[in-house]
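Observations on chain architecture
Chain residues, written in single-letter form:
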Amino acid sequence: MAGLPGLGGFWLIGQLDNFPLLATVIVFNAIFFRGICGTVGGILIWRGSKWGYYLTLITWLYLIVVSVLTLNQLYNNGIVLSYGFLEENYSSFGRPFLLSSLKILFGIPIVHVVLNILLKSHKSNHSV
């Protein structure tokens, strides 16, 4: 499910000629790491493929890194962690803070579970 919003970047492809180079790179990263890896990873996990876990791991690590970078940028731009400030400045501080925090909050346990599954399957394939 984490990959589906990344596929929304496909509608931006027609407008990329108006975007600066850095914005184009960001859109393609989101489409690839979040959209394609996340969606294909979810389908492959559902089908029982080990590659699904790898792609899901890539997607969630991408989401966690981007969220940490977003929180860092919000801090550098003067975020104040008070309900009044976040409500008053919801579009520029509150929403990005909430979404980034949720991605980190849910992402770390998901990465932990996926890594444990991959490590257990690796140990069972290479028993001594």
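Reading guide: rules and limits
- Residues numbered from 1 in each chain as written.
- Predicted model: local features only at pLDDT ≥ 70, side-chain atom pairs only at ≥ 80, totals over all residues.
- Heavy atoms only, no water.
- Axes fitted to C-alpha atoms, helices over the stretch in contact; angles between N-to-C directions.
- Helix = DSSP H or I, 4+ residues; strand = E, 2+ residues; numbered from the N terminus.
- Parallel < 35°, antiparallel > 145°, perpendicular 65-115°, else oblique.
- Left-handed = near helix turned anticlockwise from the far one by under 90°.
- Nonpolar A, V, L, I, M, F, W, Y, C, P; charged D, E, K, R; others polar.
- Buried < 20%, exposed > 50% of the residue type's maximum accessible area, 1.4 Å probe, protein only.
- Polar contact = N/O pair within 3.5 Å; in protein donor to acceptor, adjacent residues only side chain to side chain.
- Contact = heavy atoms within 4.5 Å.
- pLDDT = per-residue confidence, 0-100.

Right, let's talk about the packing of helix 3 (residues 50-76) against helix 5 (residues 90-125) for a bit. Where helix 3 meets helix 5, the axes come as close as 7 Å, and the angle between the chain directions of the two elements is 150°. Taken together, the axes of helix 3 and helix 5 lie roughly antiparallel to each other. Between helix 3 and helix 5 the crossing geometry is left-handed. Among the residues making up the contact of helix 3 with helix 5, the classes are represented as 22 nonpolar, nine polar and two charged.

What follows covers the side chain of Ser 100. Note on placement: Ser 100 falls in helix 5. Residue classification places Ser 100 among the buried residues on the basis of a relative accessible area of 6%. Engagement of the side chain of Ser 100 in a polar contact is seen with the backbone oxygen of Pro 96, the distance being 2.9 Å. Among residues more than four places away in sequence, those in contact with Ser 100 are Ser 67, Thr 70 and Leu 71.

This next bit is on the side chain of Ser 67. Its location among the elements puts Ser 67 in helix 3. Ignoring sequence-local partners within four residues, the contact set of Ser 67 consists of Ser 100, Lys 103 and Ile 104.

Take the confidence of the model for the protein chain next. Residues of the protein chain with pLDDT of at least 70 account for 85%, and the chain-wide mean is 82. Averaged pLDDT values over the elements of the protein chain bottom out at 60 in helix 1 (residues 4-7) and peak at 91 in helix 3.

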